[in-house]
Amino acid sequence: MLAFWTFVIVVRELEFDRLVRVILDWFQGRGTVSIGSVSHFRQPGVARFRLHGEAACAKGSIVAFTKAGVVEEHDPIGVVTTNYISPSETICEAIIIDKHFNDFSVNSHSYVVKVEDGDPALEQRLSRNSIFQKLIALIGYASRNTDIGTLKFDLIKRPLIEEGHLVQVDTGNGGDVLFQVVDGLHTEDSSHGNNERRYTVGTAEQIGTWNGEKQCFETYSWVVSENAPVFHVTQDRKVAKAQRNGISDIGHIPNSNFPVNISLSDLTLYHSAILGVTGSGKSFLAYHLIESLADMGVRVLCLDGTGDYKRHLKNAVQIKLPSHVGPFLDSATHKIGIIEFHDDRTHPIDATKTITETAYNWCKKNRRDDEIKNPSPKVLIVFEEAHTLIPEWNFADRDKQNVVNQISQRVLQARKYGLGFMVITQRTANVTKSVLNQCNTIFSFQAYDETGFDFLKNYMGDQYVRALPNLKQRHGILVGKASLSDRPLIVRFYDQDRALNETIAEFVPLAAEPAVELKKADPWE
C-alpha cells in the first residue's frame, strides 16, 4: 500500500506524460535526454514547449522535435526564441527553421531534445541546409505589425547591430529581401498567465532585393512570411561591383559591401538638395558630385559664400566678373567655375538671379533638336549656403522676394533645357520651399530641425526622419530620382583624402576684344 501511494504522489508531481518520457529515456539509453514536451503549436513554424524539472534552455539554443527521443534525419529543428519563466514552470518558444518542415511533424507527442555540438551526423545534415549555414547570423524572427514596407522583428539574442545595418529574410523562392534597421524598442508581454516577458523589438525599413546587374535595390512587393527567420547581414557577404557609364558610386550601406549608386544625369536634370548640420559631411559629398559631373562633361557653377570650394576642388577656376560667365560656359577646357561675390555693391540674391539667367539662356541657346524630348544635362548651379541666396520670404528683405520668385521660376523651367540646381544648406526652414520642393533627390545628413523634419517626411517617411538625429558623421539618407534604388537608403559616404589647393586660377576668357567690367554700380545686375 505504501508503494502504491508513493507511485501516485510521484505521478501527480511529475505529470503522467512527463513521467512516461523520463522512463522511456531511461530504458532507451540512447541519444540526448528530452528536456521538455510540446504544449502548443502556432503556425507557421513556432512551437511552444514546457521544460521538464531542472532542465534549462537559453534563447538561441538549437532544439530538435522527435517522437523517438533521438534526433533522426527528418526530425524538425528549431531555435529557441522566447522564455516565459515563473516559480512553477518554464515555457519556451522555438521557431522551426528546417526548410522541409511539415506542419504535422510537431505535436503534443513530440519530445524536445537539446542539440549539442559534436554530433557528426547532425553536423553533416546541417551542412547540407543553407538555412543552417546562416545560423550564426540568425538574430530574430518577423513579428506582429510587419507589413510590406516595414519589418518588425523580435530579437532572440543581443547582436552587434546598429541603425543602418542590414537584415534579410528569405523570400521562399531562392532569394531574399533586405531591410535596413531604423529603430529598436524595449517592450514587455504579460499574455502568458501572470508571467512578464521583457524583450526587444527591432524596426527595419524595406530596401528591397539586390539586382547585381543594375547595381541597385528593387522593391519586393509583398509582406514576408509570418515568423520568418531574420538574419544579420555583415561585410562577410561578398557583393560584386560593376562599372556603368554615367553612374557614380557614392558610398555603401553601413556594415556591408553593398554599394550605393546614383545617376549623374538625373542628379542634374531633376535638381537635388544636400541638407544637414555643420560638419556632417555635406560639402565633401558636394565636391565628389561636382567633380564627377565635370568628368562627364557637365559645366558646374559653384556659388560659394564660404570660400572653401577654391581650396578643395581640383581643376576649378574663379569667375570674378559677370561678363565672364557666358564665356566660361562656352569654354571647352574648364568645367568647374567658382563665384564668391566679392563685390560689396552686389547683393548675393541679385547676383544669383544674374547667374541663373545667364546659364538658363545659354542652355536654351545650345539645346539640340534631339534634346527636345530627351533633355541632356548641360549646366549645374550649386547654391552653397542656400539660405543666403534663395531665402524663404520671412527670412529675407521684402524687396528681394520678387528676385527670389524669379529664380524659383527659372528652376521650375530649367530641366527641359538641361540646367540643374543643387541646394546645400544647414537651415532647411530658411530656404524658399518654391525651390526645395522642386528637388527630386535628397541627401540628408544629421539634423535636428523640426521644420526640416516636416519637409523631409514627404520624401522619406516618419521612420527615416526619426533616424536623422542619430546619424553618425559621413552617414546620411538618400532618396529620390537620382538614386538607382527604389526606396530610401541610409548611406555611409566614402571618405575623401583632399589636399588643399595653394592657389586657384582666375578665369579670363580669350576673345577678340578684351572683356571689360560692366559700367554699372552693381556689376552683377
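Structure first, text after, so check above.
Here the structure is a predicted model, which means the values were calculated and not measured.

### Comments concerning the side chain of Gln180
Piece 1. Inspection of the secondary structure puts Gln180 in strand β10 (residues 176-192).
Piece 2. A distance of 2.9 Å separates a polar atom in the side chain of Gln180 from the backbone oxygen of Gly164.

### So, the nonpolar core
Piece 1. Formed by 94 residues in total, the largest nonpolar core has its most connected members in Leu301, Tyr309, Ile381, Phe383, Val423 and Phe443.
Piece 2. Other than its neighbours up to four places away in sequence, Phe383 contacts Leu303, Thr352, Thr356, Leu389, Ile390, Ile407, Phe421, Met422, Val423 and Ile424.

### Here we look at the sheet that holds strand β2 (residues 46-51)
Piece 1. Strands sit in the order β1-β2-β5-β4-β3-β6 around a closed barrel of six strands; the barrel is antiparallel. Geometrically, the sheet is characterised by an average inter-axis angle of 45 degrees between neighbouring strands, direction not taken into account.
Piece 2. Relative to strand β6 (residues 111-114), strand β3 (residues 62-66) runs antiparallel, the two sharing four bridges. Note that in β6 the partner of Thr66 across the bridge is Tyr111.

### Considering the pattern of salt bridges
A side chain of one charge can pair with a side chain of the opposite charge when the charged atoms of the two come close.
Piece 1. Scanning the model with the defined rule gives 16 salt bridges in all.
Piece 2. Between Glu371 and Arg368 there is a salt bridge; the shortest N-O distance is 3.1 Å.
Piece 3. Judged by its relative accessible area of 46%, Arg368 is partly exposed.
Piece 4. Residue class for Glu371 comes out buried when judged on its relative accessible area of 2%.
Piece 5. A single salt-bridge network, built from bridges that share partners, covers Arg368, Asp370, Glu371 and Lys378.

### As for the environment of Met460
Piece 1. With respect to the helices, strands and loops of the structure, Met460 is situated in helix α12 (residues 450-467).
Piece 2. Judged by its relative accessible area of 7%, Met460 is buried.
Piece 3. Distance in space between the C-alpha atoms of Met460 and Val479 is 6.8 Å, their sequence separation being 19 residues.
Piece 4. Not counting the four nearest positions on each side in its chain, Met460 is found in contact with Ser444, Val465, Ile477, Val479 and Pro488.

### Here's the deal with the side chain of Thr356
Piece 1. Mapping Thr356 onto the fold places it in helix α9 (residues 348-365).
Piece 2. Residues in contact with Thr356, not counting those within four places in the same chain, are Ile381, Phe383, Ile407, Arg410, Leu419 and Phe421.

### Description of the sheet that holds strand β17 (residues 299-303)
Piece 1. Pairing in this open sheet of 12 strands is mixed, and the strands run β15-β14-β24-β23-β22-β16-β21-β20-β17-β19-β18-β25 from one edge to the other. The sheet is open, and its two borders are formed by β15 (259-263) and β25 (505-506), each paired with just one other strand.
Piece 2. Relative to strand β22 (residues 441-444), strand β16 (residues 272-275) runs parallel, the two sharing four bridges. Residue pairing for β22: Ser272 is matched across the bridge by Thr441.
Piece 3. Here α9 sits on the sheet in contact with β17, β19 (336-339), β20 (379-383) and β21 (419-425), set at roughly 165 degrees to β20.

### Let's talk about the packing of aromatic side chains
Piece 1. One pass over the full model with this rule turns up 12 aromatic pairs.
Piece 2. Here the aromatic rings of Tyr360 and Tyr417 are separated by 5.3 Å at their centres, their planes lie at 85 degrees, and the arrangement is edge-to-face. A residue pair is termed long-range when its members are at least 10 positions apart, and Tyr360 in helix α9 and Tyr417 in the loop between α10 (401-414) and β21 qualify at 57 residues.
Piece 3. Since its relative accessible area comes to 5%, Tyr360 is described here as buried.
Piece 4. For Tyr417, a relative accessible area of 8% puts it in the buried group.
Piece 5. Chaining the aromatic ring pairs together yields one cluster made of Trp210, Phe217 and Phe258.
Piece 6. Geometry around Tyr360 places Arg410 over its ring, the cationic atom sitting 4.1 Å from the centre.
Piece 7. We note Arg474 situated over the ring of Phe284; from NZ or CZ to the ring centre the distance is 5.2 Å.

### What to know about the state of the cysteines
Joining two cysteines, a disulfide is a covalent bond between their sulfur atoms.
Piece 1. For the coordinates displayed, the defined rule picks out zero disulfides.
Piece 2. A disulfide-free cysteine, Cys92 has its sulfur positioned 5.2 Å from the sulfur of Cys57, the nearest such atom.
Piece 3. Residue classification places Cys92 among the buried positions, given a relative accessible area of 0%.

### Description of the pairing of β3
Piece 1. Among the five residues of β3, four are classified as buried, and the element is accordingly described as predominantly covered.
Piece 2. Relative to strand β4 (residues 77-85), β3 runs antiparallel, the two being bridged by three bridges. Counterpart to Ala64 in the pairing with β4 is Ile77.

### Section: α9
Piece 1. Along its 18 residues, α9 runs 26 Å from first to last C-alpha, staying within 8% of the 26 Å computed at 1.5 Å per residue.
Piece 2. For α9, every residue scored as buried is listed here: Ile349, Asp350, Ala351, Thr352, Thr354, Ile355, Thr356, Glu357, Ala359, Tyr360, Trp362 and Cys363.
Piece 3. Buried-residue contacts for α9 involve β17, α8 (325-330), β19, β20, α10 and β21.

### A few points about the environment of Ile336
Piece 1. Within the fold, Ile336 resides in strand β19.
Piece 2. When its relative accessible area of 3% is taken as the criterion, Ile336 is described as buried.
Piece 3. Setting aside its immediate chain neighbours within four residues, Ile336 contacts Ile290, Glu291, Ala294, Val300, Cys302, Leu313, Lys314, Asn315, Ala316, Val317 and Phe328.

What counts as what
- Residues numbered from 1 in each chain as written.
- Predicted model: local features only at pLDDT ≥ 70, side-chain atom pairs only at ≥ 80, totals over all residues.
- Heavy atoms only, no water.
- Helix = DSSP H or I, 4+ residues; strand = E, 2+ residues; numbered from the N terminus.
- Polar contact = N/O pair within 3.5 Å; in protein donor to acceptor, adjacent residues only side chain to side chain.
- Core = buried A, V, L, I, M, F, W, Y, C linked by side-chain atoms within 4.5 Å.
- Buried < 20%, exposed > 50% of the residue type's maximum accessible area, 1.4 Å probe, protein only.
- Contact = heavy atoms within 4.5 Å.
- Pairing = 2+ DSSP bridges.
- Axes fitted to C-alpha atoms, helices over the stretch in contact; angles between N-to-C directions.
- Salt bridge = Lys/Arg side-chain N within 4 Å of Asp/Glu carboxyl O.
- Phe/Tyr/Trp six-rings, centres within 6.5 Å; stacked < 30°, edge-to-face > 60°.
- Lys NZ or Arg CZ within 6 Å of the ring centre and 35° of its normal.
- Disulfide = S-S within 2.5 Å.
- Expected span 1.5 Å × (residues − 1).

Purely geometric numbers; function is a separate question.
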